[in-house]
Amino acid sequence: MKYLFLLGCSLLSAAPALAQDAAVDDERGEELVLYHPYRDTYITVVATGQVEPLVRSGQSISVVGRDEIEAVQGPDLTRVLERLPGVTTARSGGLGSQTSLFVRGANSQQLLVTIDGVRMADVASPGGGFDLGTLLTGSVGKLELLRGSNSVAWGSDAMGGVLAVTTKVPNGVTGSLEYGAHDSLTTGASAGTAGNGYNVAVSGGYARTDGISAYAAGTEPDGFRQWHGTVQGGVALVPDLWLRAVGRYADSKVHFDGYPAPNYTFADTPEYQTTRQGSGRVGLDYSGNDLKLAAGITLSDTRRAYYDPTFGAAPNFETTGRSWRADVKSRVDLSDKFVLDFGADSEWTRFSTTFDARQEARLSSGHALLGYHGGGVHLTGGVRLDDHDRFGSHWTFGANGAVDLSDNLRLRASFGEGFKAPTLYQLYGYGGNVALRPETSTAFDAGIELGDRGGYRHFAVTLFRRDSRNLIDYVWPSGYFNTARARAEGVEAELTGELTEGLRGYASYSYTKSVNRQTGKDLARRPRHAFSTGLDWTTPLAGLKLGADLRVVSESFDDAGNFTRLDGFALVTVRASLPVTEQVELFGRVENLGNKGYQTVAGYGTYGRSAYAGVRARW
C-alpha cells in the first residue's frame, strides 16, 4: 500500500514534465502522441448530445473504454467509476444492493444516466434516480462521465452531471466466466457482425452470488442474481440514412435486511426485492456533409416488487414507472468554424404504486447551442426552454470554452445551469405536494488539461463550484417541500500515462466540500477527500499482465445532522491476467487485500478480502 501511495504522489508531482511532452520520441525513435482522432475514448456525446472530439469542449469529461473495464475485472461498476476524479459511492450491502453515485458532491438522483441513448431514471422512485446497483459491467463497452451541470443539452436531471453508458458492439464472438468469493458466478457472451449497409449485435449475461449480510452485524447472507441482455442493429435505407434500434432488458433479485418486530431495530430479515428494467430506442440517423440529423422514440420501464416471506409469498409493495420520449437532434455546419446544434423533445412519464393511483406528467423542451472552433479556440454557448404541464416553463443557460496553449495542452472553463423537475412521487405520492418548484443549480469550473485520459499521457487540474437551490426534501410529518440550499466546491487532479514501455500508471485526487447552506453541516455520505492510484504492467513473461489499485477515502457523516461518523478507509486490489492463446485469456484478482473493515452506509456490511478467477475468450 505504501508503495502505491508513493507512486500516486510521484505521478502527480511529475505533471509539469508531462506537460512539456505533447508529442515526443521514444527510445525507438517513434513519435508518441497523446490522442488519436479515431480512438473511441477520444470521442464523446455528453458535451452537446452529438458525437465530437473531447478537445472541442471546455467541460470536465472522462471517458473509459472497454479495455480498461476488462483490466479492472469483475461485475462491480463502481470499481471502474471510482478511478475517476470527483466520484464517490455508497452502497447498502453487497453487489446488487442500492448503490448511489455522488459526482462532485451532488445527490445521486441529480446525475442523469443513459444507456444506449435512453434515459434510465426510475420515475416511480421518490427521487427519480437510477440505481447503479442494477447495472453490471458485463455488456458495457464505454462510459462517459460529465462532471457539472449541463441541462442545456440534456434537460431535467443533469444537475450534477451526465453518465452515458454504451453497450459493447463486438466484431465476432466473445465470452467470459468468473467464479470466486461468496459462491459468486458471473458469465457473459456477445456476438456481432457488420456488412455493407447493415450491422447487428447481441450481448447478455448472468450473475449470482450468496453475498454478505446487508446488516453489518448479521450472520445471514443476502444474495443477488441478475439476467440481462441487449440487442441492437442498424440498416442503411439509402446512402447516409440509417434506421437504428436497440433494446435492453434486465431482471434482478436482491435480498436485504430490515427492521422486524418486536424491537423494530436493524437486523437480519428474509426480505428481498425484484427489479425488472426494460428500455429501448428506435430512430433514424442522417449524416450528410454539412448536416447531421437524428430522430427517435425511446421507452424506459422499471417495475419493482418488495417481499417479506415472514408475512406470505405475495409482494407487500410494488411500483411501476414508465417514460416515453420522442426527440430530434441536429447539427449544421454553418461555416468551417461555426456549428449549430439544436433539438427538441417531449417526454411522457407515469407512475403507480400499491398505495398510489396512476399519475402522469408531460415535459417538452427545445434547445440550441452555437459553437465556434478555429485557431485553437473552442467556444460553445446555448439556451434551453422546458415546459412542464405541472409547474410551467423554465429557462436554462450554459457556456464553455477551451484555448490551446500548445499541442494538446489547453485551458478550459465552463458555466452551466441545471434543473430537476419534481418527481411524480414527490408531486402525488405519500406526502406529495403539487406546488413544488424544480430544483436548480449553477455550476462553474476551470482548469488546465494535457491530452485525454485514454492517451499516452494525460494531466488535468480543475477547480469547481456548484450552488443548488430549491432542493426538495421530506419534512416530517407534512410531506415534500422546497427547503434546502447546498454548495459543493473543491479541486480535482488526474494523471495517467506510460511510465516505461509496458508500464502504465494512473492517479486521481478530489477534494470536495459539500455543505447544506442552511445548517452549515456536511451533506450525508460525502467524504471530502478521495484518492485512487494504480499500476498496470505487461511483463516480458508470455504476456503476463499484473496490476494493483489503491483507493483511499476520508471520513464522512452518515446523516444530515452529522451525528453518525463514517470512518475513512484504504483498500488495495491486486490483479493479473495471462493469455493462453490468441483467443483465450485467464484472469484473477484479490479485492480488499488487507481485509479492512469499513462502511459507506452506517450499519451496512461491506466485503472483506475476496478472491476471484475467470477466463475470457474471443473469436
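Treat the numbers as computed from the prediction; the structure is a model and nothing was measured.

### Some words on the overall build of the protein chain
Of regular secondary structure, the protein chain possesses six helices and 35 strands. Taking 619 residues into account, the globule formula puts the C-alpha radius of gyration at 25 Å, and the protein chain, at 24 Å, falls close to it. Taken along the three principal axes of its C-alpha coordinates, the protein chain extends 75 × 55 × 50 Å. A burial count over the protein chain gives 56% of its 619 residues as buried. In the protein chain, the proportion of contacts linking residues at least 24 apart, taken out of those at least 6 apart, comes to 59%. On the protein chain, roughly 25900 Å² of surface is accessible, and the fraction owed to carbon and sulfur atoms is 58%. Averaged over its 60 positive side-chain charges, the protein chain has a centre that lies 3 Å from the centre of its 68 negative ones.

### Some points on the side chain of Lys168
Mapped onto the fold, Lys168 is located in the loop between strand S11 (161–167) and strand S12 (172–180). No salt bridge is formed by the buried Lys168; its nearest oppositely charged neighbour, Glu70, is found at 5.0 Å. In this structure the side chain of Lys168 is engaged in a polar contact, spanning 3.4 Å, whose partner is the backbone oxygen of Gly138. In this structure Lys168 touches Arg66, Gly138, Ser139, Val140, Gly141, Thr174, Ser190 and Gln232, once residues within four positions along its chain are discounted.

### Description of the confidence of the model for the protein chain
Caution applies to low-pLDDT parts of the model: their predicted coordinates are not meant to be read in detail. Per-residue pLDDT for the protein chain averages 92, and the proportion of residues at 70 or more is 94%. Note on residues 1–37: pLDDT under 50 across the span, and 70 contacts to partners over four residues away in sequence or across chains.

### Here we look at the pairing of strand S21 (residues 359–374)
Two elements, strand S20 (residues 338–353) and S21, share 14 bridges in a ladder whose sense is antiparallel. Note that in S21 the partner of Trp348 across the bridge is Arg362. Between the antiparallel neighbours S20 and S21 lie five residues. Two elements, S21 and strand S22 (residues 377–388), share 12 bridges in a ladder whose sense is antiparallel. Looking across to S22, one finds that Ala368 is bridged to Val383.

### Overview of empty space enclosed by the protein
In total, this model carries 17 cavities of 30 Å³ or more according to the counting rule given. Counted as a void, the largest cavity has a volume near 740 Å³. What lines the largest cavity is a set of 40 residues, and nearest its centre among them are Asp76, Thr78, Arg79, Glu591 and Tyr598. Across the lining of the largest cavity, the residue classes break down as 15 nonpolar, 14 polar and 11 charged. Each pocket or cavity is described by its volume, and for the second largest cavity that value is around 300 Å³. Taken together, 19 residues form the lining of the second largest cavity, with Val123, Asp157, Glu347, Thr349 and Pro422 sitting closest to its centre. Elements supplying a minimum of two residues to the lining of the second largest cavity: S20, S21 and helix H6 (424–428).

### Notes on the environment of Trp154
Assignment of secondary structure puts Trp154 in helix H5 (residues 151–154). A relative accessible area of 10% places Trp154 in the buried class. With 106 residues separating them in the primary sequence, Trp154 and Thr48 have C-alpha atoms 8.0 Å apart.

### So, the layout of surface pockets
The computed volume of the second largest pocket comes to approximately 1500 Å³. Around the second largest pocket, the lining comprises 47 residues; the ones closest to its centre are Val45, Val51, Arg244, Arg281 and Asp285. In terms of residue count, strand S17 (residues 272–287) provides more of the lining of the second largest pocket than any other element does, seven residues in total. Here the lining of the second largest pocket is built from residues that sort into 18 nonpolar, 14 polar and 15 charged.

### Here's the deal with the sheet that holds strand S10 (residues 140–147)
One open sheet accounts for five strands, arranged S5-S10-S11-S8-S9; its pairing is mixed. Unpaired on one side and paired on the other, strand S5 (60–65) and strand S9 (118–119) mark the two borders of the sheet. Summarising the sheet, strand S8 (residues 111–115) and S9 pair through two bridges and their orientation is antiparallel. The residue bridging Ile115 from the neighbouring strand is Val118, located in S9.

### A short note on a nonpolar patch on the surface
Together, Tyr198, Val235, Leu237, Val238, Leu243, Val282, Leu284, Ile297, Trp324 and Trp348 line one region of the surface with nonpolar side chains, adding up to about 870 Å² of accessible area. Those elements that place two or more of their residues in the nonpolar patch are strand S15 (222–238) and S17. At three residues, S15 tops the list of elements feeding residues into the nonpolar patch. Locating Val238 in the fold gives a position in strand S15.

### Overview of the packing of aromatic side chains
Here the structure, examined in full by the defined rule, presents 14 aromatic pairs. With 4.3 Å between their ring centres and 40° between their planes, Tyr206 and Trp227 make a pair best called tilted. Of this pair, Tyr206 sits in strand S14 (residues 198–212) while Trp227 sits in strand S15, and the two are 21 residues apart along the sequence. Since its relative accessible area comes to 51%, Trp227 is described here as exposed. Consider the rings of Phe266 and Tyr604, whose centres lie 4.8 Å apart with planes at 45°: the pair is tilted. Of the two residues, Phe266 sits in the loop between strand S16 (241–255) and S17 while Tyr604 sits in the loop between strand S34 (584–591) and strand S35 (610–618), which places them 338 residues apart along the sequence. Tyr604 carries the same exposure label as Phe266, and that label is buried. An aromatic cluster of three or more residues is present, and its members are Phe351, Tyr425, Tyr430, Tyr474 and Tyr480. Its end group placed over the ring of Tyr272, Lys253 keeps NZ or CZ at 4.4 Å from the ring centre. Note that Arg616 overlies the ring of Phe587, its terminal NZ or CZ placed 4.3 Å from the centroid.

### Section: unusual backbone geometry
In this structure, the amide linkage connecting Ala261 to the following residue, Pro262, adopts the cis form with an omega of 5°. In this fold, Pro262 is placed in the loop between S16 and S17. The amide bond that connects Trp476 to the next residue, Pro477, takes the cis arrangement and shows omega of 0°. Mapped onto the elements of the fold, Pro477 is located in the loop between strand S26 (457–475) and strand S27 (479–500). Backbone geometry places Tyr264, a non-glycine residue, at a positive phi of 55°. Mapping Tyr264 onto the fold places it in the loop between S16 and S17. Look at Tyr264 and you get exposed, because its relative accessible area is 56%. In this structure, Asn595 takes a positive phi of about 55° despite not being glycine. Relative to the helices and strands, Asn595 is located in the loop between S34 and S35.

Definitions and cut-offs
Residues numbered from 1 in each chain as written. Predicted model: local features only at pLDDT ≥ 70, side-chain atom pairs only at ≥ 80, totals over all residues. Heavy atoms only, no water. Helix = DSSP H or I, 4+ residues; strand = E, 2+ residues; numbered from the N terminus. Rg over C-alpha atoms; globule rule 2.2 N^0.38 Å. Buried < 20%, exposed > 50% of the residue type's maximum accessible area, 1.4 Å probe, protein only. Contact = heavy atoms within 4.5 Å. Areas by Shrake-Rupley, 256 points an atom, 1.4 Å probe, with all protein chains shown as cover. Lys, Arg positive; Asp, Glu negative; His and termini not counted. Charge placed at Lys NZ, Arg CZ, Asp CG, Glu CD. Salt bridge = Lys/Arg side-chain N within 4 Å of Asp/Glu carboxyl O. Polar contact = N/O pair within 3.5 Å; in protein donor to acceptor, adjacent residues only side chain to side chain. pLDDT = per-residue confidence, 0-100. Pairing = 2+ DSSP bridges. 1 Å grid on protein atoms, 1.4 Å probe; cavity = no way out; pocket = protein on both sides within 12 Å on 5 of 7 lines; lining within 4 Å. Points joined across faces, edges and corners; volume = space filled by probe spheres on them. Nonpolar A, V, L, I, M, F, W, Y, C, P; charged D, E, K, R; others polar. Patch = residues over 30% accessible without salt bridge, like charges linked within 9 Å, V, L, I, M, F, W, Y side chains within 5 Å. Phe/Tyr/Trp six-rings, centres within 6.5 Å; stacked < 30°, edge-to-face > 60°. Lys NZ or Arg CZ within 6 Å of the ring centre and 35° of its normal.

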